[in-house]
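Results of the structural survey
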Amino acid sequence: MMNIYFRDEKLPKLDIITDVEREFDNLKLTGSFLENLVINKIELGSFKDALHFTDRFGDKLPINFMSTGCKAALVVLNNPDKLVDLKECGLNARDTIITYLDGNVLLTFSTITFYNENFHDKNNIKVCLDNYVFTNLDRLNYYLTDERPYVPDMSRKGIFMKR
């Protein structure tokens, strides 16, 4: 499950990763299914080996040439028990992280919404925010724009209380 926290609110007692680039330099990528998925969705490329990836143009590049957003996604993926600050992520990386990965992320703005044109099954997310679990991307967005900080309408599909 992906847990979302906002900078201006109470944070959990987790180690916070604020320097994604430095943390990424310490990762040992394996080319797992999820690592490849992240690279594909954000860079439109693929994992080649521990030191290289193929970019959207088919060029083999050093792994450190990835965007900071892709690096952040890989840091989230490989550090599920830490809170990763996404302040340097673009919207495509942020939304890929929210829709595909499990972990804990720190976002700057609490009035944002999420969009992922490549995510065909919007009813297949698992995101926790404010002790509510969202299983639908549109329902999460509705909560952010129309209900938060008030109690949400629990009769609408795609939301339940965290146990």
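For the structure itself, consult the block above.
The sections below set out a description of the structure shown in this document. (Residues numbered from 1 in each chain as written. Predicted model: local features only at pLDDT ≥ 70, side-chain atom pairs only at ≥ 80, totals over all residues. Heavy atoms only, no water.)

**Structural notes on the sheet that holds strand 2 (residues 16-17)**
Strand pairing in a sheet relies on backbone hydrogen bonds. The paired strands run either parallel or antiparallel. To keep things clear, this is the line we draw: In short, DSSP must find at least two bridges between two strands for them to pair. Per the convention used, a helix needs a DSSP run of H or I reaching at least four residues, while a strand needs a run of E reaching at least two, with both numbered from the N terminus.
Reading across the sheet, the 7 strands line up as 2-6-7-1-8-9-10 and stay open at both edges, with mixed pairing between neighbours. A strand with exactly one partner marks an edge of an open sheet, and here the two such strands are strand 2 and strand 10 (159-161). Strand direction decides the pairing type here: strand 1 (residues 2-6) and strand 7 (residues 103-107), joined by 5 bridges, are parallel. When the sheet's bridge partners are listed, Tyr 5 is paired in strand 7 with Leu 106.

**Observations regarding unusual backbone geometry**
With an omega of 15 degrees, the peptide bond running from Arg 148 to Pro 149 counts as cis. Here Asn 131, not a glycine, exhibits a phi torsion of approximately 65 degrees, which is positive. Following the sequence through the fold, Asn 131 ends up in the loop between strand 8 (127-129) and strand 9 (132-134).

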